[in-house]
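Close look at the chain arrangement
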Amino acid sequence: MAKKEQLDPDTAALIQWCTEVESFLVAGGATLEQAQDHIEEQIEWFMDLFYDGVTPEEAAKAALN
């Protein structure tokens, strides 16, 4: 039986943060698929925002502008 791989705390926090960004993007008018695609395509930019301490709401606003 394969053992589940544990995520390190930073990766888990980043995934949670992106999930929150996604919800703000959807609230701003994007479809769920559009929000997910945009985050995937711009992951390096979003990672920079995450590590710079930008809130998910602020990141979504920046992405929508």
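Below, the structure is looked at part by part. (Residues numbered from 1 in each chain as written. Predicted model: local features only at pLDDT ≥ 70, side-chain atom pairs only at ≥ 80, totals over all residues. Heavy atoms only, no water.)

**Quick look at helix H3 (residues 43–51)**
Short version of the rule: Using a 1.4 Å probe on the protein chains alone, a residue whose accessible area is under 20% of its type maximum counts as buried, one over 50% counts as exposed, and one in between counts as partly exposed. Secondary structure elements follow DSSP: runs of H or I of four or more residues count as helices, runs of E of two or more count as strands, with numbering from the N terminus. The arc under discussion is defined with respect to the helix axis, by the directions toward the C-beta atoms. Between two residues, a contact is recorded if the distance between any of their heavy atoms is within 4.5 Å.
Taken residue by residue, H3 has Phe-46, Leu-49 and Phe-50 as its buried positions. Along the axis of H3, the buried residues cluster in a sector spanning 100°; they form a single face. Facing away from the buried side of H3 by over 90 degrees, the exposed positions are Glu-44 and Tyr-51. The elements touched by buried residues of H3 are helix H1 (9–27), helix H2 (32–41) and helix H4 (56–64). Of the residues trailing H3, Gly-53 is marked for its positive phi of about 85°.

**Thoughts on the packing of aromatic side chains**
Quick reminder of the rule: The aromatic pairing rule takes the rings of Phe, Tyr and Trp, using the six-membered ring of Trp, and pairs them if the centres are within 6.5 Å, calling planes under 30 degrees apart stacked, those over 60 edge-to-face and the rest tilted.
According to the stated counting rule, one finds four aromatic pairs in the structure shown. Pairing Trp-17 with Phe-46 gives two aromatic rings, centres 6.4 Å apart and planes at 65°, and the pair type is edge-to-face. In this pair, Trp-17 is assigned in helix H1 and Phe-46 in helix H3, connecting sequence segments 29 residues apart. Each member of the pair Trp-17 and Phe-46 is classed as buried. Ring plane angle 75° and centroid distance 4.8 Å describe the contact between Phe-50 and Tyr-51, whose orientation is recorded as edge-to-face. Judged by its relative accessible area of 17%, Phe-50 falls in the buried class. Through a chain of ring-to-ring contacts, the aromatic side chains of Trp-17, Trp-45, Phe-46, Phe-50 and Tyr-51 assemble into a single cluster.

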